[in-house]
Amino acid sequence: MIVTVVSVPDGGTTTVSVPEARRRLATDPFLFLRVELSEEEPGQEEEPVVRRLGLDGAELEWFGRRGESARADFLGETAAFVVPVVRDREVDHVHVLAGERFLVVVHWGRPTLAADITAQLRRERPHDAVATLFLLLQEALTTFRRAAVRALLRVEELEDDMFEGRRPEQVYLLSQQRRWAALLHHSLLPYLQAVEEVVTRRMMSPDFPAERQRLAREFQRAARLVLADIESLQDAARRAFASYGSLVAGEQNGVINRLAIVSVIFLPLSFLTGFFGMNFEFLTNRLETRDEFWLLAVGLQLVAVVGSLFLLHRSRIWRRLRDDD
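This is a predicted model, so every value here is computed, not measured.

Peer 1: Can you break down the overall build of the chain residue by residue, with the values?
Peer 2: When its secondary structure is counted, the chain shows nine helices and seven strands. With 325 residues in all, the chain has 40% of them scored as buried. Considering only intrachain contacts with a sequence separation of at least 6, the fraction spanning at least 24 residues in the chain is 66%. For the chain, the computed accessible surface area is about 18800 Å², with 54% contributed by carbon and sulfur atoms.

Peer 1: Go over the packing of aromatic side chains, please, and point to the residues and values.
Peer 2: Applying the stated criterion across every chain yields a total of two aromatic pairs. A centroid spacing of 6.1 Å and a plane angle of 70° characterise the contact between Trp62 and Phe63, whose relative ring orientation is edge-to-face. With respect to class, Trp62 is no different from Phe63; both count as buried. Ring geometry for Phe134 against Phe219: centres 6.4 Å apart, planes inclined by 65°, an arrangement best described as edge-to-face. You can see Phe134 sitting in helix H4 (residues 129–164) and its partner Phe219 sitting in helix H6 (residues 210–276), a full 85 residues away along the chain. Like Phe134, the residue Phe219 is buried in the burial classification. The side chain of Arg71 reaches across the aromatic face of Trp62, ending 4.1 Å from its centre. Just above the ring of Trp180 sits the side chain of Arg89; from NZ or CZ to the centre is 4.4 Å.

Peer 1: Let's hear about the pattern of salt bridges: which residues, and what values?
Peer 2: Once the charged atoms of two side chains with opposite charge are near each other, the side chains can pair. This structure, assessed with the given rule, holds 10 salt bridges. Here Glu68 and Arg71 are joined by a salt bridge, their closest N and O atoms 3.4 Å apart. Judged by relative accessible area, which is 18%, Glu68 ranks as buried. In this structure, the salt-bridge partner of Glu218 is Arg214, at a minimum N-O distance of 2.5 Å. Here Arg214 and Glu218 lie together in helix H6, a separation of four residues that amounts to about one turn. Classification of Arg214 by relative accessible area gives partly exposed; the value is 34%. Three or more residues are tied together by salt bridges with common partners; here these are Arg65, Glu68, Arg71 and Asp73.

Here is what the cut-offs are and how they apply
- Residues numbered from 1 in each chain as written.
- Predicted model: local features only at pLDDT ≥ 70, side-chain atom pairs only at ≥ 80, totals over all residues.
- Heavy atoms only, no water.
- Helix = DSSP H or I, 4+ residues; strand = E, 2+ residues; numbered from the N terminus.
- Buried < 20%, exposed > 50% of the residue type's maximum accessible area, 1.4 Å probe, protein only.
- Contact = heavy atoms within 4.5 Å.
- Areas by Shrake-Rupley, 256 points an atom, 1.4 Å probe, with all protein chains shown as cover.
- Phe/Tyr/Trp six-rings, centres within 6.5 Å; stacked < 30°, edge-to-face > 60°.
- Lys NZ or Arg CZ within 6 Å of the ring centre and 35° of its normal.
- Salt bridge = Lys/Arg side-chain N within 4 Å of Asp/Glu carboxyl O.

Given below as structure tokens:
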């Protein structure tokens, strides 16, 4: 376990040992810790993070345990969250534990939100752990918004490309964006519902400070906007699939119309061929000369073809095909 102390408000970082982190948690008036955990071996049982850091809370033994779903718990003066964060086309989860004097963020692998939080700390200069907590939660929402906006622009580009020229790989790319939109919505919605319950319950408390109520309302407003962006992405993906289906249907209609033209031309030819191929006495005994053959067998065929083309040229089907081409 690697523990890093993040300085507020300048955003500087210092790596400390676990005993030093425990000491500073007990003495410092405000401490922001970033804890990096490695992958646990199968079957290996480690001491909970809260105990290793010297924090009380039997209800928080899940804190720092990989695989936890999005959640939000309020335990007296301590709030614990499992926050989904978008990183490199994947949704990771970070654990956040906030008290009056400390903020602990647990992540795995590369520091999630590290650069963004550092920049925000330098710009916003939060004065306590709760303000820093809401700042971190806002940044987590920002990762979802950026991912949704990038995907939305990609869907719109694909939709424009479809009207210029339809290609089979466009369906695969649209499917990827649709699955990505579903993943964003599936990851964010349970988290927002859990946080909404906790925040709303705290805001109804008469001892909840006005400044924190303002931060909570800003978070709720940002959450609604991000959720609306993801839903817009889902609608755009569905609309793009509908547009692709309309283009395919239009092309199929064109093929059917061309087949109809071919059928109209060859239907009288097939009739004449079948009629003169029957062994009636009139056909076998009367039509014996070459002139009669050219007149009936070939002349009628030409008249049928010319007549069919004339009727098609005067019909709406021909004009529609010409306009499509």
